[in-house]
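Fold and contact review
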There are 2 protein chains.
Amino acid sequence: MHENALLAHIFTRSQSLVESFPQVLLGPGDDCAVIEVNDGSPILFKVDQLIEHRHFTSETPLSLIARKAIARPLSDIAAMAGSPVAALAACTLPKDFPQARADALFDAVNAAGIALGVPVVGGDIASFRDTNTAIVLSISLIGRVHPRRGPVRRSSACVGDHVYVTGSVGDTFAAAPTPQDAFPGGGKHLRFTPRLQEATWLADSLDGQLHAMMDISDGLGVDAARIALASGIRIELDASAIPLTTPTRGVEQSIADGEDYELLFTVDPSAVLPQRVPGSGTMLTRVGVVTAGSGCGLRIGPQTIDISTRGWEHA
Amino acid sequence: MHENALLAHIFTRSQSLVESFPQVLLGPGDDCAVIEVNDGSPILFKVDQLIEHRHFTSETPLSLIARKAIARPLSDIAAMAGSPVAALAACTLPKDFPQARADALFDAVNAAGIALGVPVVGGDIASFRDTNTAIVLSISLIGRVHPRRGPVRRSSACVGDHVYVTGSVGDTFAAAPTPQDAFPGGGKHLRFTPRLQEATWLADSLDGQLHAMMDISDGLGVDAARIALASGIRIELDASAIPLTTPTRGVEQSIADGEDYELLFTVDPSAVLPQRVPGSGTMLTRVGVVTAGSGCGLRIGPQTIDISTRGWEHA
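Presented here is an overview of the structure given in this document.

The rules we used
Residues numbered from 1 in each chain as written. Chains lettered and ligands numbered in written order. Predicted model: local features only at pLDDT ≥ 70, side-chain atom pairs only at ≥ 80, totals over all residues. Heavy atoms only, no water. Contact = heavy atoms within 4.5 Å. Polar contact = N/O pair within 3.5 Å; in protein donor to acceptor, adjacent residues only side chain to side chain. Helix = DSSP H or I, 4+ residues; strand = E, 2+ residues; numbered from the N terminus. Nonpolar A, V, L, I, M, F, W, Y, C, P; charged D, E, K, R; others polar. Least-squares fit on C-alpha atoms with pLDDT ≥ 70 in both. Pairing = 2+ DSSP bridges. Axes fitted to C-alpha atoms, helices over the stretch in contact; angles between N-to-C directions. Buried < 20%, exposed > 50% of the residue type's maximum accessible area, 1.4 Å probe, protein only. Parallel < 35°, antiparallel > 145°, perpendicular 65-115°, else oblique. Left-handed = near helix turned anticlockwise from the far one by under 90°. Phe/Tyr/Trp six-rings, centres within 6.5 Å; stacked < 30°, edge-to-face > 60°.

**Overview of the interface of chain B and chain A**
Facing 70 residues of chain B, the contacting portion of chain A comprises 70 residues. Remark: the boundary between chain B and chain A carries 17 residue pairs in polar contact (both at pLDDT 80 or more). For the side of chain B that touches chain A, the elements supplying multiple residues, two or more each, are α1 (3–13), β2 (33–35), β3 (43–51), β4 (83–93), α4 (99–116), β5 (120–127) and β6 (136–144) of chain B. It is β4 of chain B that provides the largest number of residues to the side of chain B that touches chain A, a total of nine residues. Residues that form the side of chain B that touches chain A fall into these classes: 40 nonpolar, 19 polar and 11 charged.

Here is the structure:
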């Protein structure tokens, strides 16, 4: 089972939803669904799963598992320039999972929600028939759309747009910042801060000049190609401009690492951006341009290579 | 790990959420959370998981797995007299799950949503590291509250209320209705229709006379005791009045079977209810009364037995 193949199947079959259900303003295929619940502003709706051995190792502390589980869908709320309102946690645990550890996991989920600004208002807990299975922790979120800009979609990039990223990319599985809390598979993918503040600032400042946005979860190349596909354009990235977390790792490896949770966005060429977001200090770097065509190319000196599939597939 | 013990832990720790986050109108402990997203009517928010070997057998057709996964949280929307707006599906599949079967499962989820009146607007799909694991299918829902009655909680039963159930209880794992689609573990628990229509009719008709409501998922005794605990009252049921799906099975066994997905509700003693809900024809049966005290008792002739823990714990 390949995630991308199944997603393509799902997107195709879901086209008619928007026609049949008027409350569906945006169905599958973007960072969040956009739904009209009552008369008034639409809401964002998102779910994301975190699975042991897939998204975290068994050595990972519960506090970081909980934090990542909540931070990942929050990153999708940020990718539409929304703000989170409430979360639900659904968790399936191995049979005979110790009660104290289950209590501690819940406390960690609750604390992570509060720390990241979103209350966990309910959920569901169940156990597998078998011991020694993976932990599955799924977080659902609802969010508000930006009151002026509305939801920022993947499909609204225009030829001529400038392409930007927040922060830096690559090496997200590198060792933890301090030796005290180092463990196998530590690093930025467990500790990132969803770019909610930056996304809101972009929508506040740029309004209609902020054209398309998504979060980089699977790698800069494959995610840029997703904007390109949704918008019917091509994205050309300049290798020398891309900010790398670990420059010695090289640009081609860095863009394929995945789990950056940075924002990738396109703006009108007339937009003027500072080098850093006021308040958070997060870097804003122009890394490329939107052209006619399809896919995502990486310009390295005189050559351009196709990087539309260079990323991490969550198998 | 015992679900009830963990839930008790969660409810206790979550009390402060409502104070810290003004958008949380109702946190953990009822059928759904109630959240204020934008100015205007609040929304219902719910997640429920369905796990192979726990909630369905491996012989269950994908169409019935998908149907039950969506119908269970819909039953919780009904339990607050709400109406569903949109669903998300999160699914974790065994490694090497066949692509065609994954496509078919998605199609079944989508079709079940349409059949039950709620569009599946997105989701997340992932696979376990291992083959031969259980399928985990988690459905998140948002819903509207009843425009006049608002969300019907578990905590608003009053001493003197009459207690009712919809339909009949027990024997939900009995064989499927026709020999053609019989398989181990078939039956009502896979085929029930969430009581959305009935709940809306009750709220429309009774308005403020409809005091407390929940859906019977774990058994009439244990669920009635949950209303009793939330409302600070006692529920006394009359064994001879309880409508049993299979009378030969007996009342004590029937109330402990679980997975009825009927509505259990309390109304002001002045309320007048018909024997069946107009339109759907679903039975409405008065089965008991709310008294001062705690827990749930079952009157069998001259004796009363405590049935507060008689039900099915989803371990």
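And the narrative resumes.
**Some thoughts on the relation of the copies chain B and chain A**
For these two chains of identical sequence, chain B goes onto chain A by a turn of 180° and a shift of 0.0 Å along the axis, with RMSD 0.0 Å. Overall, the copies show the geometry of a two-fold rotation axis. Relative to the rotation axis, the C-alpha of S140 of chain B is the closest in chain B, positioned 3.4 Å from it. Comparing contact sets, 100% of the residues at the interface of chain B also lie at the interface in chain A, consistent with an isologous, same-surface contact.

**Notes on the sheet that holds strand β1 (residues 24–26) of chain A**
Residues and elements named next belong to chain A. Spatial strand order, β1-β2-β3-β6-β4-β5: six strands in an open sheet with mixed pairing. A strand with exactly one partner marks an edge of an open sheet, and here the two such strands are β1 and β5 (120–127). Across the sheet, the mean angle from the axis of one strand to that of its neighbour is 25°, orientation sign disregarded. Where strand β3 (residues 43–51) and strand β6 (residues 136–144) come together, nine bridges link them in antiparallel fashion. For V47, the partnering residue across the bridge sits in β6 and is S140. Across the sheet, helix α4 (residues 99–116) touches β4 (83–93), β5 and β6, and the angle it forms with β4 is around 165°.

**Focus: the side chain of T282 of chain A**
Residues and elements named next belong to chain A. Its place among the elements puts T282 in the loop between β10 (262–267) and β11 (284–291). The exposure class of T282 is buried, given its relative accessible area of 8%. In terms of polar contacts, T282 uses its side chain to reach the side chain of R195, at 3.2 Å. Beyond its immediate stretch of four places on either side in the chain, T282 contacts T166, G167, R195, E198, Q275, R276 and V277.

**A closer look at the packing of helix α3 (residues 62–79) of chain A against α4 of chain A**
The angle between the axes and the distance between the axes are what describe a pair of packed helices. Residue and element names in this part refer to chain A. Contact geometry for α3 and α4: axes closest at 8 Å, N-to-C directions at 45°. Between α3 and α4, the angle falls in the class oblique. The two elements α3 and α4 cross, and the hand of that crossing is right-handed. Contacts between α3 and α4 involve L62, S63, A66, R67, I70, A71 and L74 from the first element and R101, A104, L105, A108, V109, A112, G113 and L116 from the second. Considering only residue class, the contact of α3 with α4 consists of 11 nonpolar, two polar and two charged.

**What to know about unusual backbone geometry**
Residues and elements named next belong to chain B. With phi around 65°, A81 is a residue other than glycine that occupies positive phi space. Tracing the backbone shows A81 in the loop between α3 (62–79) and β4. We classify A81 as buried; its relative accessible area is 2%. With a phi angle near 55°, Y261 is a residue other than glycine that sits in the positive phi range. One can find Y261 in the loop between α8 (251–257) and β10 (262–267).

**Here's the deal with the packing of aromatic side chains**
Under the defined criterion, the tally for this structure stands at six aromatic pairs over all chains. Measuring from ring centre to ring centre gives 4.1 Å for F192 of chain A and Y261 of chain A, while their planes differ by 15°; the resulting arrangement is stacked. A residue pair is termed long-range when its members are at least 10 positions apart, and F192 of chain A in the loop between α5 (188–191) and α6 (196–206) and Y261 of chain A in the loop between α8 (251–257) and β10 qualify at 69 residues. Classification of Y261 of chain A by relative accessible area gives buried; the value is 2%. Taken together, a centroid distance of 5.6 Å and an interplanar angle of 10° make the contact between Y164 of chain B and F265 of chain B stacked. Here F265 of chain B lies in strand β10 and Y164 of chain B lies in strand β7 (residues 162–166), a separation of 101 residues in the sequence.

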